[in-house]
Structure formats: C-alpha cells, structure tokens
Amino acid sequence: MNIAVVGLSHKTAPVEVREKLSVPEPQIEGAIAHLLSYPHIEEVAILSTCNRLEIYVVAQETEQGIREVTQFLSEHSKLPVISLRQDLFVLLHQDAVMHLMRVASGLDSLVLGEGQILAQVKHTHKLGQQFNGIKTVLNRLFKQAITAGKRVRTETSIGTGAVSISSAAVELAQMKLVNLTASRVAILGAGKMSRLLVQHLLSKGADQICILNRSLGRAQELAKHFPGQPIKTCLLSEMMSVITESDLVFTSTSSLEPIIDRTKLEMVLEPRQPLMLIDISVPRNVHADVNGLANVQAFNVDDLKAVVAQNQESRRKMAQEAEGLLEQETEAFDVWWRSLETVTTISCLRNKVETIREQELEKALSRLGSEFGEKHQEVIEALTRGIVNKILHDPMVQLRAQQDVEARRRCMQTLQMLFNLEAGEQVV
C-alpha cells in the first residue's frame, strides 16, 4: 500500500492545459466514484483550484494505481496520455505527504504564503469524506496537512501581508492602467475571489464598481460586505451592456466555457474604445481570440507571475521558517503510518483473546444452568470484556507507540510466537 499524488500546477502546465483538467465541484462525486472503480485504487481525494489539479490516492499496487489515475485524466481532459504526461508530476509516499503539507501551507502557491489554499484543502477533505473517497489513510494525511497549514499561518510570519490571486490581479491592473481610481470596473462573479477583488480595488481608490452574477441576490449579498460603498449589482445577462460602459473587467465565474469572446466584443465595442480584461478563472472565462482586437488588453492567471515575482523574494526567508514546521508534521504522519503495520498483529491478538473469552463464558454459563438470570449474564459478559480490554490495553498502546521500526517488528514477532498468531500479510 502506498500514497501517491498525480497532478499538474502553475509550475508544470500553462492555463490552457490546466483548464482542460479542472474538475468543477459538481463533477467531484462522479470523478471520485470513477477513480474508485479502478481495481488498484482504494482511496482518493481531488484538489482542483485555479492553479492546480491534484489527485491523491492510496493504491495497493503503486504503478498500476498511477496508470489508472493518468488514464482517468486522459479521459476527463480528452488529451492523449502521451501528451498529458509532459505536464504531469507524480510524487510517491514521503514526497506526496510533504507536498500536501506545503500546498496546505501556501508554500507551493503562485502567491507564496497565500491563505485561500488552506480553505480549499479543507474543502477537498470534506468532499472526499462526503463522497466516500477518503478513508483511514487519506483522512489522517489531510488532517495532518490542515494542522500543518494552520501552524504555518499562526507560528510564522509567512501569512503577514500575503497577497492573493485577487490582489495580484488588482496590482496588475494598477500597473497597466494610467488611473485605476478613475476607472469604471466590472466584476463578473460573486464568489470569494470576487469579494477579495472588491476589497483590494477599494483599497486602491477604485469606487466605480459593478458586480454581475447569475443570481442577483448573491451579487447584492456581496455588496453588503462593503457598507457605505456605491457598489452596483446586475444580472450576468446584462454583461455586454455593462462591459460597454467599463474600462476594466475582472472575470471570476464558475463557467466551464468562455463567456467573453471576440465576436461578442466586436458587436458592442466602439473600434477605438479601450478595454482591459483580467481573467482569474480556470477554466478561462475570456477566450484567447480577444487578443486580436485593437485597444483590448487581455490577461489570465499566468500573466500574474510578473506581479507576484516582485513580492516573492522578501517572503522566501519566511518560507524557510515554515519548512521546519512542515518537517515536524510530516514526521508525525510518518510515525502514524509506520504504526499501521501493527494493525494486523493487534487484530489477530484481540480476535484470539476474544474467541477464548466467548468460549470460556459459554462454558461457565452452561454450568450455571437455566435458572441463572439474563441480568446476571449481562454482568458477567461485561466483566469478562472489561478484563480482556484492560489486559490488552498496555501491550497495544506500547506496540503502537514504538517508533523504532526494528524494535516494533521484534515485538510483533514475539507476540505472534507467544500467542501462536497467524498475522498474515502486513498492512504496509
């Protein structure tokens, strides 16, 4: 049994590839069920964000499990395996464990130390449990990674003033526009990213903001987070008319297809009307063909790297501090993982002792005769169970707590010999 992660990120693949492999939340349940249907995959969790798609699995046969995940990704993205492999990374066990720790802590993010990823890892854990993909091993791994992420944010300074994708997008707009404060801004979408966009735009002095969403109520709810600000709200169906009155448009919707393209813009824009589009969605909301239009500047998440680079260097020293905490959390998981090989021996010992208890109890009750009341039988049943549990408690605790691998294995061999156990195949 082994842990593996197969995926791609902003480090390994461009946005045009990442968007093909993105797994929207409504598809997560079906994707987990599909992956669990493969013969070598026992557990699975899918982390899908704008900058990464990572599939964590527990597989009995590691190589076969990785092939099955790759096959799933090929079918999902409709990209041939041979071309997909050049953008994928594969990490096994210790490397996979440390990778998730770094992801949850924001150390593998496009924006070093960004905090949104921890919430996304928590949500991945929740969905994995909800759809029966996460069981014993991945449950422990994700809990440990979430603990690591929390420790990094509370015990180091990596999160202080950390920029997000949204703030980097606003900084990009500020770099490219002559006057952000005088710009008319439209934001498509009303999710968390959009809320951060509004927050950062207001901090930069922008005060002509319109939020568009498929549900007007959700757009209005977002606007209420900023009382006293003249934020307009519209239905997404009014998008093109709002764009004609905008200088800057941010897109952050969950649409699986582009909602803005060259044809739509040509129908509404004046030939010399300048427009800036900043698309922070994956899959992209803005089609690449808009780049051919005069006076239209279009950017996507990959274009944020130049902005982010300005903030990275000062944060690298903070990241080194965080790495030490991650090593502690990785070691804690590894201790638990190594203790799994005791499960089979402990189970065999408990089963054998329980069988003896039941046999001896049955003999005793038969000798006591039918007059012996049911209530008395329950008392004796509880008594014998309590004795067995107390006798087994200390050996089990000590066996699990033994961190030295060889010492633990010698203990298991001794138990197997003394109690004549047939432990069978080891768990790890």
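As the structure is a computational prediction, the values presented were derived from the model and not from experiment. (Residues numbered from 1 in each chain as written. Predicted model: local features only at pLDDT ≥ 70, side-chain atom pairs only at ≥ 80, totals over all residues. Heavy atoms only, no water.)

Trainee: Please set out the sheet that holds strand 6 (residues 209–213) residue by residue, giving values where relevant.
Mentor: Overall, parallel pairing links the six strands, which are arranged 7-6-5-8-9-10 in an open sheet. The open sheet has two free edges, formed respectively by strand 7 (232–235) and strand 10 (296–299), since each of these has just one partner strand. On average, each strand axis in the sheet is inclined to that of its neighbour by 20°, with strand direction left out of account. Note: strand 5 (residues 185–188) against strand 6, four bridges, orientation parallel. Looking across to strand 6, one finds that V185 is bridged to I209. (Pairing = 2+ DSSP bridges. Helix = DSSP H or I, 4+ residues; strand = E, 2+ residues; numbered from the N terminus. Axes fitted to C-alpha atoms, helices over the stretch in contact; angles between N-to-C directions.)

Trainee: Outline helix 6 (residues 116–130), supporting the account with residue identities and numerical values.
Mentor: Because each turn of an α-helix spans 3.6 residues, side chains separated by three or four positions in sequence point in the same direction. Look at helix 6: 21 Å from first C-alpha to last across 15 residues, which is about the 21 Å you get at 1.5 Å a residue. Of all the residues in helix 6, the buried ones are Q116, I117, L118, V121, T124, H125, L127 and G128. Contacts made by the buried residues of helix 6 are with helix 2 (25–36), strand 2 (41–49), strand 3 (52–59), helix 5 (93–104), helix 7 (136–155) and helix 9 (192–203). One or two residues past the end of helix 6 sits N132, with phi positive at roughly 65°. (Expected span 1.5 Å × (residues − 1). Buried < 20%, exposed > 50% of the residue type's maximum accessible area, 1.4 Å probe, protein only. Contact = heavy atoms within 4.5 Å.)

Trainee: So what's going on with the layout of surface pockets? Residues and values would help.
Mentor: Roughly 1300 Å³ of volume is contained in the largest pocket. Around the largest pocket, the lining is made up of 46 residues, and of these E25, S48, Q120, M193 and S254 lie nearest the centre. Broken down by secondary-structure element, the contributors of at least two residues to the lining of the largest pocket are helix 2, strand 2, helix 6 and helix 9. Of the domains in this structure, domain 1 (2–162) and domain 2 (165–309) are the two that each give at least three residues to the lining of the largest pocket. Taken together, 16 residues form the lining of the second largest pocket, with E19, K20, L256, E257 and P283 sitting closest to its centre. Of all the elements in the fold, those that place two or more residues in the lining of the second largest pocket are helix 1 (15–21) and helix 3 (62–77). Each residue belonging to the lining of the second largest pocket can be placed in one class, and the counts come to six nonpolar, five polar and five charged. No fewer than three residues from each of domain 1 (2–162) and domain 2 (165–309) sit in the lining of the second largest pocket. (1 Å grid on protein atoms, 1.4 Å probe; cavity = no way out; pocket = protein on both sides within 12 Å on 5 of 7 lines; lining within 4 Å. Points joined across faces, edges and corners; volume = space filled by probe spheres on them. Domains from an automatic or database assignment. Nonpolar A, V, L, I, M, F, W, Y, C, P; charged D, E, K, R; others polar.)

Trainee: Account for the domain arrangement of the chain, with residues named and values stated.
Mentor: By a frequent convention, interface size equals the accessible area lost on bringing the separate parts together. Taken domain by domain, the chain holds domain 1 (2–162), domain 2 (165–309) and domain 3 (338–419). In this structure, domain 2 and domain 3 have C-alpha centres spaced 65 Å apart.

Trainee: Provide a residue-level description of the packing of helix 5 against helix 7, including the pertinent values.
Mentor: It is the contact of helix 5 with helix 7, at a shortest axis distance of 8 Å, that shows an interaxial angle of 40°. Relative to helix 7, helix 5 is oriented oblique. For the crossing formed where helix 5 meets helix 7, the hand is right-handed. Touching V97, L100, M101 and A104 of helix 5 are L141, F142, Q144, A145, A148 and G149, all from helix 7. (Parallel < 35°, antiparallel > 145°, perpendicular 65-115°, else oblique. Left-handed = near helix turned anticlockwise from the far one by under 90°.)

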